[in-house]
Amino acid sequence: MYDLIVVGGGPAGLAAAYAARQNGAKKIIILERDKELGGILNQCIHNGFGLHRFKEELTGPEYAGRFEKMLESTDVEVSLDTMVLSITPRREVHCVSAEDGYRILEAKAIVLAMGCRERTRGAISIPGTRPAGVFTAGAAQRYVNMEGYMVGKRVVILGSGDIGLIMARRMTLEGAKVLACVEVMPYSGGLNRNIVQCLHDYDIPLYLSHTITDIKGDRRVEQVTVAKVDENRKPIKGSEMIFDCDTILLSVGLIPENELTRGAGIEIDRRTNGAVVYENMETSMDGVFACGNVVHVHDLVDFVSAESERAGAAAAKYALGGEAAGEAIDVKNGDGVSYTVPQKIRIDNVEKACEIFFRVRKIYKDSKIVVKSGETQLASFKREHLAPGEMEHITLPKVLLDKASGEIVVSVEE
Amino acid sequence: MVYDVAVIGCGVIGAATAYELSHFKLNVLVLEAENDVADGTTKANSAIIHAGYDPEPNTEMARLNVEGSKLAKDICKKLDVPYKQCGSLVLAFSDDEIPRLKKLYDNGVANGVPDIRVITGDEARKMEPYLSKEVVAALYALSAAIVNPWDYALAMAETAVVNGVEIKLRSKVTAIKKQGDLFEIHTTSGVYTAKLVVNAAGVHAGEIHEMVAAPSFEMHPTSGQYYLMDRSEGGLAGSVIFQCPTKEGKGVLVAPTVHGNLIVGPDAVPCGEDDVKTTADGLDYVARMGKKSVPSVDLRASIRNFAGVRANTNKDDFIIEVVDGVHGFVDAAGIKSPGLSAAPAIAKKICSLLLAEGIEMPFKDNYKGTRKMKRFKQLSDSEKQALIRENPAYGRVICRCETITEGEILDAIRSPITPCSVDGIKRRCNAGMGRCQGGFCGPRVLDILARELGVSPLDILQDKDGTFILTGQTKKAGEGTADV
């Protein structure tokens, strides 16, 4: 019987396992499906990781390396090349690996840290032919950074998510011509620093409020049609531009990978596509916690680590017999807010303060984030700039939470 | 070498013909233009084994559909092809449409379709809780089924190969010359000689026909577009849900797939022979019509769009006959829907036509008539354990969405018809079929293929020839410019 099983050895799983060990959990195992720890960080060879966590700029593998090093000093077990097939309410984890075969492991607590996957062409139904040369940005990144192969020479990028922006620069540095980055929304989905450092610095045009309306090419991509869209995101006839290219990279959103979570019957939030979690990252299933991109998609790994450390510490506490108690109140998204994490807070279980993470629905200048419970305003926070591409958070001290009754609503006021 | 029979085309009709012929002591050659079998219409259709009430009574189509559907069930069992008899409903949305249901019912009775009846809208909703409230009546057919169409064709082609049939891939037929009693078939891979020829070239059957005779039919290729939905939507339909058919086709259906997904489509638009593009208008139409039957279909759960081309002709019926004035040359043309359902019966008819052309067909001894696939996901815990113990490659999951192991991918690579592409692997073992559409497993499958086939990763294709995935290597340390 393990104190804790961590599903996934990416940044979330690593931080959760380490924090759990620091908080007294003893027998811990990380189950990782890949051949090494680090998850998606291994293919993120650019820098910019760790500014918050380590106060320095690291590459993805360096950032993962810091946590792996911390873990090496502990007795946390790691099982690589191991795929978890299912999790039961009795906290049995069914997994397979070539080395150890089919195993059923039992645990007092479980942390889910499976990360997320990319949306594909099929998910957004881009019309046209179906030639080779259409990649998700992450798959292309794997080929280029880990396998050492180029995926194309003339590239159009759809979506301005961070991986797409990073790949615009990476492909350019490798000698490809990136013709355009096309974003259907009137604002970028990625971090501002990536727009500047990956597009502007290389003179790659960003077409906001545009989308790809057709793909041509029988065997390999030959051409794409890009059109401007109206406020309902419908293409405007007559605004078409043609790009001759052999490659399309898609950076059109990430989806938390919750097949195990769903299979276990854990409650999922339709807004985040992740588990509904309490203040300590516990899911609707007792003793099962979740953290990182499997709960909601983050912009910065530093925040994944922080969230996962909280989840790991809480899982350790649970494993050592400290079940969380108390009535929960719901956290709801009001005007201008698309989701919140956590979705539920057990105020009795909050020690000093509770952080709430969320995203806004559009760009705001000089606005306020307002937290209300019923008609009572609990708190208000001034913000100069809010954007959907940048995750926001506020900290609610317990003294304020104590005034809440029923539910609290987070909204933006202009 | 002179072959007894050459079959042109290895879609489901060519595969079924090869499978049927492989039972006899004959030298059989199959010529396929693409780099893999089942790579045309066979891989892009509704995947339905129709009960047989659609075709007009007393047509070849009617007879072959009903007979073919019965044979399909047996073949799928023997060759371990995913098949599920789930029944079908044809919906009437107003009282005006009820006479059309009655007509289909009468067709069905005349065609010998078992277990069909007209039911009320409420009865239909009892069977299918997500059905539209607008449905007033439906035709229910118990014997309709769903199948994995490309695996069905692959299984028959593989069994034919195991039993001695030769398949030549990348062998597009460019000319056919009659030399005395023999046919000299010129292809992109060489010249072959055969006593008898079967034209099973699908949308290209017209071109092949015209290599030996004057035109006797016109091809009217017609595209059909689809949405394939995530398995999360698979529960929205338990049976195949049709709307009343029109002249263009059977209308937009909503159906489960044998993989647990939901399929919605097709439309019907005249197109070029290999025109498998999708269009915004076409997809909109499919979505709208799908929602008419099952309003809760959620397009955000789409994982793939695709289009297939129906091999329609100017004739209503299938064209399965010896070409007029060309002894020994059999056309199997215009095999539109329900061609997948009718395939094994069509193959039997082709064999009887060949027999009548004067060839002897004694049965083979020691026929290997079964196939057994290892599908890790479907095994019990203890069976999984045993399989991994036997071969650890079954313990390494490569495709996360569909839980496909390296062992299954190796089985696919070592199967009787060697795949050369990532999609060839997908068709053989489902790796990359799931919601991430090969985003995770694509690079890993490519790597395994290159390793096992002993070629450079640069040579691995997505699907057909020319669908290269990688364009070159990245810069090496110290290099100034890219070598792409």
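Residues numbered from 1 in each chain as written. Chains lettered and ligands numbered in written order. Predicted model: local features only at pLDDT ≥ 70, side-chain atom pairs only at ≥ 80, totals over all residues. Heavy atoms only, no water.

Enquirer: Describe the sheet that holds strand 26 (residues 376-386) of chain A, and please don't skip the residues or the numbers.
Expert: Strands belonging to one sheet form pairs held by backbone hydrogen bonds; the direction of such a pair is parallel or antiparallel. All names here are of chain A. Strand order in the open sheet made by the five strands is 23-21-28-25-26, with mixed pairing throughout. A strand with exactly one partner marks an edge of an open sheet, and here the two such strands are strand 23 (344-346) and strand 26. Here the strands of the sheet are splayed against their neighbours by 20 degrees on average, with no regard to which way each runs. Examined bridge by bridge, strand 21 (residues 328-333) and strand 23 share three bridges and lie antiparallel to one another. Counted as the bridge partner of Ile329 is Ile345 from strand 23. (Pairing = 2+ DSSP bridges. Helix = DSSP H or I, 4+ residues; strand = E, 2+ residues; numbered from the N terminus. Axes fitted to C-alpha atoms, helices over the stretch in contact; angles between N-to-C directions.)

Enquirer: How would you explain the side chain of Thr403(B) if you had to name every residue and give the values?
Expert: Along the chain, Thr403(B) falls in the loop between strand 21 (397-399) and strand 22 (404-405). For Thr403(B), a relative accessible area of 14% gives the class buried. Setting aside residues up to four positions removed in sequence, Thr403(B) forms contacts with Leu85(A), Phe376(B), Lys377(B), Val397(B) and Glu408(B). (Buried < 20%, exposed > 50% of the residue type's maximum accessible area, 1.4 Å probe, protein only. Contact = heavy atoms within 4.5 Å.)

Enquirer: Pulling in residues and values, what's your account of the domain arrangement of chain A?
Expert: All names here are of chain A. Considered domain by domain, chain A is made up of domain 1 (1-118 + 254-323), domain 2 (120-252) and domain 3 (325-414). If you average the C-alpha positions of domain 1 and of domain 3, the two centres end up 25 Å apart. Taken together, the contact pairs 21 residues of domain 1 with 21 residues of domain 3. It is Arg271, Tyr278 and Glu279 in domain 1 that bury the most area against domain 3; as a group they hold 37% of the surface buried on that side. The interface formed by domain 1 and domain 3 contains three salt bridges. Its salt-bridge partner being Glu279, residue Arg346 comes within 3.2 Å of it at the nearest N-O pair. Across the contact surface, domain 1 and domain 3 share 13 residue pairs in polar contact (both at pLDDT 80 or more). Of the residues that constitute the side of domain 1 that touches domain 3, the class distribution is eight nonpolar, four polar and nine charged. (Domains from an automatic or database assignment. Buried area = accessible area lost by both parts, 1.4 Å probe. Salt bridge = Lys/Arg side-chain N within 4 Å of Asp/Glu carboxyl O. Polar contact = N/O pair within 3.5 Å; in protein donor to acceptor, adjacent residues only side chain to side chain. Nonpolar A, V, L, I, M, F, W, Y, C, P; charged D, E, K, R; others polar.)

Enquirer: I'd like a rundown of the interface of chain A and chain B, residues and numbers included.
Expert: With 44 residues of chain A at the interface, the matching set in chain B holds 53 residues. Buried surface at the junction of chain A and chain B, both sides included, amounts to about 4,200 Å², of which 56% is carbon and sulfur. In this assembly, chain A and chain B are joined by four salt bridges. Summed over the shared surface of chain A and chain B, the number is 20 residue pairs in polar contact (both at pLDDT 80 or more). Every element with two or more residues in the side of chain A that touches chain B is listed here: strand 6 (82-87), strand 7 (92-97), strand 8 (101-112), strand 9 (116-118), helix 3 (121-124), helix 4 (137-147) and strand 11 (149-150) of chain A. Tallying contributions element by element places helix 4 of chain A first for the side of chain A that touches chain B, with five residues. Here the residues of the side of chain A that touches chain B are counted per class, giving 19 nonpolar, 11 polar and 14 charged. Relative to strand 23 (residues 472-473) of chain B, strand 11 of chain A runs antiparallel, the two being bridged by two bridges. The residue of strand 23 of chain B that forms the bridge with Tyr149(A) is Gln473(B).

Enquirer: Before we move on, can you summarise the pairing of strand 1 (residues 2-8) of chain B with the specific residues and values?
Expert: Residue and element names in this part refer to chain B. Counting buried residues in strand 1 gives six out of seven residues, a clear majority hidden from the surface. Both strand 1 and strand 2 (residues 28-31) contribute to a ladder of four bridges, which runs parallel. By the bridge assignment for strand 2, Val5 is matched with Val28.

Enquirer: Explain the sheet that holds strand 22 (residues 337-341) of chain A residue by residue, including any values.
Expert: All names here are of chain A. Taken in spatial order, the three strands make up an open sheet running 22-24-27, and their pairing is antiparallel. Because the sheet does not close on itself, it has two edges, and the strands there are strand 22 and strand 27 (392-397). For this sheet, the mean angle separating the axes of adjacent strands, direction not counted, is 30 degrees. Sheet topology places strand 22 next to strand 24 (residues 353-360); four bridges connect them, and they run antiparallel. Each bridged residue has a counterpart across the sheet, and for Tyr339 the counterpart in strand 24 is Arg359.

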